[in-house]
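# Architecture at a glance
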Amino acid sequence: MKRFIIYMYTLLAAMSAGTTAIMGAEPLAVRSGKIVGAESGEPRPLHGVSLAWHHFADRYYNADVVRTLHRSWGADVIRAAVSVELGDGYLANPRRAMRALETVVEACIEEDCYVVIDWHCHHIRTEEAVGFFTEAARRWGDKANVIYEIYNEPENDTWSEVKAYAERVAAAIREIDPDNIIIVGSPHWDQDVDIAADDPLTGYGNIAYSFHFYADTHRAENMERCDYALSKGLPLIVSECGALGRLGGGEVNYEWWGRWMQWAERNDIGWIAWSLSDKVETCSMLRHGAPAEGGWGIDDLKDWSLLVISSLKQKTNENR
Ligand code: MG
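Below, the structure is looked at part by part. Computed from a prediction, not measured in an experiment: that's the story for all the values here.

### Some details on the sheet that holds strand S8 (residues 207-214)
What the 8 strands build is a closed barrel, ordered S3-S4-S5-S6-S7-S8-S9-S10; its pairing is parallel. For this sheet the average axis-to-axis angle between neighbouring strands, irrespective of direction, equals 30°. Relative to strand S5 (residues 114-120), strand S4 (residues 77-83) is paired through 7 bridges, and the arrangement is parallel. When the sheet's bridge partners are listed, alanine 81 is paired in S5 with aspartate 118. Of the strands in this sheet, strand S3 (47-51), S4 and strand S10 (271-276) are in contact with helix H3 (residues 63-73), which crosses S3 at around 155°.

### Quick word on the state of the cysteines
With the rule as written, the count across this model stands at 0 disulfides. Free cysteine: cysteine 113, not disulfide-bonded; nearest cysteine sulfur from cysteine 108 at 3.8 Å. Taking the relative accessible area as the measure of exposure, cysteine 113 reaches 1% and is therefore buried. Cysteine cysteine 241 remains unbridged, with the sulfur of cysteine 283 as its closest cysteine sulfur at 11 Å. Given a relative accessible area of 0%, cysteine 241 falls into the buried group.

### Quick look at helix H9 (residues 220-231)
The terminal C-alpha atoms of H9, which comprises 12 residues, lie 16 Å apart, in line with the 16 Å expected from a rise of 1.5 Å per residue. Three or more residues of H9 are buried, namely Asn222, Met223, Cys226 and Ala229. Taken around the axis of H9, the buried residues stretch over an arc of 115°, which confines them to a single face. Those residues of H9 that are exposed and angled more than 90 degrees off the buried face are Glu224 and Ser231. Where H9 is buried, its residues touch helix H8 (193-198), S8, strand S9 (236-242) and helix H10 (254-266). Two residues or fewer after H9 comes glycine 233, characterised by a positive phi angle close to 85°.

### As for the coordination of the magnesium ion
The protein atoms donating to the magnesium ion are Gly141 (O), Asp177 (OD), Asp179 (OD) and Asn180 (OD1), with metal-donor distances spanning 2.1 to 2.3 Å. Taken in chain order, the donor set of the magnesium ion reads G-x35-D-x1-D-N.

### Focus: the environment of valine 82
Relative to the helices and strands, valine 82 resides in strand S4. Valine 82 sits in the buried class, given a relative accessible area of 1%. Sequence separation between valine 82 and isoleucine 117 is 35 residues, and the spatial gap between their C-alpha atoms is 7.5 Å. Setting aside residues up to four positions removed in sequence, valine 82 forms contacts with His54, Tyr61, Tyr90, Ala97, Leu101, Asp118, Trp119, His120 and Phe132.

### Topic: the packing of H9 against H10
Where H9 meets H10, the axes come as close as 12 Å, and the angle between the chain directions of the two elements is 5°. Taken together, H9 and H10 sit at an angle that is classed as roughly parallel. Judged by residue contacts, Ala220, Asn222, Met223, Cys226, Asp227 and Leu230 of H9 engage Trp256, Arg259, Trp260 and Trp263 from H10. Split into classes, the residues belonging to the contact of H9 with H10 amount to 7 nonpolar, 1 polar and 2 charged.

Criteria and thresholds
- Residues numbered from 1 in each chain as written.
- Predicted model: local features only at pLDDT ≥ 70, side-chain atom pairs only at ≥ 80, totals over all residues.
- Heavy atoms only, no water.
- Pairing = 2+ DSSP bridges.
- Helix = DSSP H or I, 4+ residues; strand = E, 2+ residues; numbered from the N terminus.
- Axes fitted to C-alpha atoms, helices over the stretch in contact; angles between N-to-C directions.
- Contact = heavy atoms within 4.5 Å.
- Disulfide = S-S within 2.5 Å.
- Buried < 20%, exposed > 50% of the residue type's maximum accessible area, 1.4 Å probe, protein only.
- Expected span 1.5 Å × (residues − 1).
- Arc of directions from axis to C-beta.
- Donors = N, O, S within 2.8 Å, 3.2 Å for Na, K, Ca; no water.
- Parallel < 35°, antiparallel > 145°, perpendicular 65-115°, else oblique.
- Nonpolar A, V, L, I, M, F, W, Y, C, P; charged D, E, K, R; others polar.

Here it is in structure tokens:
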């Protein structure tokens, strides 16, 4: 019954998805362990949607999709997941990657929402990342909209390896852009935030740390690790999350999604839901063949996207 009520609520929220008033992008900063408005000093948790790996989903990397996610769904941040190693990703075809990224970044600037430039990689590739983020900072480092996520999810690297990489990439960005937020990952798919909290980066401002959760896999033990990191003053952002299992399949876990939402709200932590594509897997939000022009109807949306829309609507209603 509970699931049915949630489903009907999200269905109605999705169908009534008109234009939503959302705060525009302001310069951000990290202070006292939180992401805040640089001028107001008030917490500014962002809530939005991640596009999928661009090498198979870049038909959704366009301004119509950005507008739909921002105006209809209520996302104030959109994450561009630039594939690095897989398929026809950045290493094989940097021009295609930069074209997809540019389209999304420019659309987000036009929409006055935030955009996360995500180096979607599972291995350290320092020189390539330095080149990529140097170009991104040169082009968009003066825009308040832009956030750099320099390493999506380390798999097998130790924290000292990830930290050394992050310091090198942060140095390259800070040579050009003194202030936009840089998001740093942690070992084991951004789970080891407790280890990062014991030995954070120093010497650079406006650094946040990503924690990723998939609510049907990551539960109390992961929340305790986050709480430990927060107790040490580590600024967290959930730059990727889902209500399903960690490999993107299984069932939507409404109970633990709700617990994580409450935890995020309690701690002023933003979240970005994975992911916007029509791939045949539970965590992809669109049904296969959904149009690339946005403006999707109920037949294009899965249970997961309805839950995301409902959660985003709740945030935009609170902020009105
Ligand atoms: Mg800047």
